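Here is what each chain is made of, one letter per residue.
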Amino acid sequence: DKPDDVSKLATEIADFDVLSDLKPEFGMKLLNFTFVGYTANGDSNTHLFMMQFPKELASDQAEMERQMRENLKGRLGDDSLNFAQVGTRTVNIRGNEVTVSVLESSNDSQSYRQLTGVFDGKSGPTLLVLTLPTSQWDDAAVDQFLQSIR
């Protein structure tokens, strides 16, 4: 997908300032679902994914994550990464308090931190998954990104 196309699809979900290391990788609209993905230099383990669900099909976050993994199989990076929750935070996204989970995992060469949560996108509930190498995780930059979602 062209970066402009991904950015255009992303604005159907929400307006936001993406982290500087992440570049538009793919976007698609299927039925009433909208997906966008950003990665860092082709490293599929370092990514930002947003998947907006139709209001009538949204269920709990675990089910939304399962559907995202199913629909994005092969684009989600290392399947051997089994993330374990290490905490939760409450953040404000698009004017609503949202509880996000913070998870961590590692493979043979690197450890990763992931933030997941569901917020109200422009047209429906949206699952957000941000995964970065732990060595590149910057709480201030992540907070700035979350605050930019509008």
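For the structure itself, look to the data block above.
These numbers were taken from a predicted model, which means no experiment stands behind them. (Residues numbered from 1 in each chain as written. Predicted model: local features only at pLDDT ≥ 70, side-chain atom pairs only at ≥ 80, totals over all residues. Heavy atoms only, no water.)

Let us look at the overall build of the chain. Counting secondary structure elements, the chain contains 3 helices and 7 strands. Its helices and strands in sequence order give the chain the pattern α-β-β-β-α-β-β-β-β-α, from N to C terminus. For the chain, long-range pairs separated by at least 24 residues make up 50% of all intrachain contacts whose partners lie at least 6 apart in sequence. (Helix = DSSP H or I, 4+ residues; strand = E, 2+ residues; numbered from the N terminus. Contact = heavy atoms within 4.5 Å.)

Looking at helix H3 (residues 139-148), one finds that the buried residues are Val142, Phe145, Leu146 and Ser148. Angular distribution of buried residues about the axis of H3 spans 160 degrees; they occupy a single face of the element. The exposed set on the far side of H3, more than 90 degrees from its buried face, consists of Ala140, Gln144 and Gln147. Packed against the buried residues of H3 are strand S3 (43-52), strand S4 (84-93), strand S6 (111-120) and strand S7 (125-133). Capping the start of H3, aspartate 138 holds a side-chain oxygen 3.0 Å from the backbone nitrogen of alanine 140, two or three residues further along. (Buried < 20%, exposed > 50% of the residue type's maximum accessible area, 1.4 Å probe, protein only. Arc of directions from axis to C-beta. Polar contact = N/O pair within 3.5 Å; in protein donor to acceptor, adjacent residues only side chain to side chain.)

A few words on the pattern of salt bridges. Summed over the entire model, instances satisfying the criterion amount to 5 salt bridges. Among the salt bridges present, the one from glutamate 12 reaches lysine 29, with a minimum N-O distance of 2.6 Å. Separated by 17 residues along the polypeptide, glutamate 12 in helix H1 (residues 3-13) and lysine 29 in strand S1 (residues 23-30) bring together distant segments of the chain. Using a relative accessible area of 49% as the deciding quantity, one classes lysine 29 as partly exposed. Two residues, lysine 122 and aspartate 15, come together in a salt bridge whose shortest N-O distance is 3.1 Å. Placement of lysine 122 in the loop between S6 and S7 and of aspartate 15 in the loop between H1 and S1 is noted, with a sequence separation of 107 residues between them. The class for lysine 122 is partly exposed, based on a relative accessible area of 37%. (Salt bridge = Lys/Arg side-chain N within 4 Å of Asp/Glu carboxyl O.)

Our next topic: the packing of aromatic side chains. All chains considered together, the criterion is met by 5 aromatic pairs. Ring geometry for phenylalanine 26 and phenylalanine 49: centres 5.6 Å apart, planes at 50 degrees, overall tilted. Note that phenylalanine 26 is positioned in strand S1 and phenylalanine 49 in strand S3, a separation of 23 residues in sequence. Ring centres 5.4 Å apart and planes at 75 degrees place the aromatic pair phenylalanine 33 and phenylalanine 53 in the edge-to-face group. (Phe/Tyr/Trp six-rings, centres within 6.5 Å; stacked < 30°, edge-to-face > 60°.)

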